[in-house]
Amino acid sequence: VATVHLGRSISSRQVTEMADDMTRALGAALPGREAPRLRIDKVRTCAREFFGLLRVNEGRFQLDGYRKDDLWTASGGALREALSLCLPMLRQTGEDGADGDDALPSLATRASDQMATVDLILSPERAPYPLVTWGEARGRSVSLSASPIDVSVPLREMLFSQVPTVVLTSATLAIGESFEFVKSRLGIDETAELALESPFDLASQAVLYVPKGFPEPRHETFHARFVEQVRELLSITSGRAFILFTSFANLHRTREALTG
């Protein structure tokens, strides 16, 4: 959660949607004005060029090679500049209280955030802590992301050094009875620690069952076999079961198979 929260991402779809929202909001606030339309069109054009230079393959890809491409870097700078040209319009129009300006402060924040994200993607070495960056293509949209490699420094600065007491509790904080790993990952120094034994009698209240001869998860027969096993185990437990899935797609597919 800290990695996601402290990271940034931007996608071609996000920029396009924001440009559409700006067109509606500024069109209502400044009817008949040409400058807003031209600046927003510039955002769309620069976004197409910037994201269009990426190799659009399904899945994730590295960005290191793209940063060495002067054209990609220049197009990213152009997108940032186009967004910056929209900011004064959004802020000033919102401050003037023009009709239809309810969304303008939010749009100004979105544009500012997207500018900062482009800066970070283009020059991650300028961040206050080491980042990992990557791109991802899904359908017609391309997204770019940056996340801290190590969250200990920002968490120490933003959280643990700012409040007198933080209580962390979970069934998975300790390895054995040691908290050293999670402390190093989260940037925690001095602590009061307590590891408690499980209140359950696992020997009499739990069974570990590993089916033999089960196909690999990607095999075409896997899901049918999985549903068969789930149905059998639900029968044994009279429906008392909590089933975990690695994706919503598998969950919905299994539900349909069991209820169909």
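Each chain has its residues counted from 1, running along the sequence as written. For this predicted model, a pLDDT threshold of at least 70 governs which residues receive local features, and a threshold of 80 or more governs which side-chain atom pairs are given and counted, while totals over whole chains, interfaces and linings are taken from all residues. Calculated side-chain values reflect all of the structure's heavy atoms, with hydrogen atoms and water omitted.

Draft legend 1. View of the packing of helix α2 (residues 12–29) against helix α3 (residues 34–52). Between N-to-C directions, angles span 0 to 180 degrees; the directions come from axes that are lines fitted to C-alpha atoms, helices contributing only their stretch in contact. Helix and strand assignments follow DSSP, with helices taken as H or I runs no shorter than four residues and strands as E runs no shorter than two, numbered in order from the N terminus. Put simply, α2 and α3 touch, their axes get as near as 10 Å, and they point 175° apart. In terms of their interaxial angle, α2 and α3 are classed as roughly antiparallel. Each of Ser12, Val15, Ala19, Asp20, Met22, Thr23 and Leu26 in α2 lies in contact with α3, whose residues at this interface are Pro36, Ile40, Val43, Arg44, Ala47 and Phe51. Partitioned by chemical class, the residues of the contact of α2 with α3 number nine nonpolar, two polar and two charged. The labels follow the angle: roughly parallel below 35 degrees, roughly antiparallel above 145, roughly perpendicular from 65 to 115, and oblique for the rest. Any two residues whose heavy atoms approach within 4.5 Å at even a single point are treated as in contact. Polarity classes work like this: nonpolar for Ala, Val, Leu, Ile, Met, Phe, Trp, Tyr, Cys and Pro, charged for Asp, Glu, Lys and Arg, and polar for all others, with Gly in that last group.

Draft legend 2. Quick peek at the sheet that holds strand β2 (residues 59–61). When DSSP finds two or more bridges between two strands, those strands count as paired. One open sheet holds the four strands; their spatial order is β1-β4-β3-β2, and the pairing between them is antiparallel. Looking along the sheet, the strands with just one partner apiece sit at the ends: β1 (8–11) and β2. When the angles between neighbouring strand axes are averaged without regard to direction, this sheet yields 20°. Bridge analysis of β2 against strand β3 (residues 131–138) gives three bridges, and the strand direction is antiparallel. Considered in β3, the bridge of Arg60 is made with Glu136. Here α2 sits on the sheet in contact with β1 and β4 (141–148), set at roughly 70° to β1. Relative to β1, helix α6 (residues 104–122) is tilted by about 105°, and along the sheet it contacts β1, β3 and β4.

Draft legend 3. Spotlight on the nonpolar core. In this text, buried Ala, Val, Leu, Ile, Met, Phe, Trp, Tyr and Cys residues form a nonpolar core when linked through side-chain atoms within 4.5 Å. Using a 1.4 Å probe on the protein chains alone, a residue whose accessible area is under 20% of its type maximum counts as buried, one over 50% counts as exposed, and one in between counts as partly exposed. Counting residues in hydrophobic clusters, the biggest one holds 46 residues, and the most contacted among them are Phe51, Leu54, Trp72, Leu79, Leu90 and Leu144. Put simply, the parts of the chain that give this core at least two residues each are α2, α3, α5 (70–96), α6, β3 and β4. By residue number, the principal contributor to this core is α6, which donates nine residues. The residues touching Leu90, leaving out its near neighbours within four places in the chain, are Met22, Leu26, Leu104, Leu107, Ala108 and Ala111.

Draft legend 4. Inspection of unusual backbone geometry at higher detail. The phi dihedral of Ser238 falls on the positive side, at around 55°, and the residue is not glycine. Along the chain, Ser238 falls in the loop between α10 (222–236) and α11 (248–259). Classification of Ser238 by relative accessible area gives exposed; the value is 57%.

Draft legend 5. Representation of helix α7 (residues 152–160) in the model. When α7 is considered as a whole, its buried residues turn out to be Ser152, Pro154 and Leu155. Buried positions in α7, seen along its axis, are confined to an arc of 155° and lie on one side of it. Each element contacted by the buried residues of α7 is listed here: α1 (2–6) and α8 (180–186). By arc we mean the arc of the directions from the helix axis to the C-beta atoms, nothing more.

Draft legend 6. Here's a closer look at the packing of aromatic side chains. Between the rings of Phe, Tyr and Trp (Trp by its six-membered ring), a pair exists once the centres lie within 6.5 Å; its type follows the angle of the planes, with under 30 degrees stacked, over 60 edge-to-face, and the other angles tilted. Evaluated as defined, the whole model comprises seven aromatic pairs. Considering the side-chain rings of Phe50 and Phe51, the 5.2 Å spacing of their centres and the 65° angle between planes classify their relative orientation as edge-to-face. Of the residues examined, Phe51 reaches a relative accessible area of 4% and is grouped as buried. Taken together, a centroid distance of 5.6 Å and an interplanar angle of 90° make the contact between Phe214 and Phe222 edge-to-face. Under the relative-accessibility criterion, Phe214 is labelled partly exposed at 25%.

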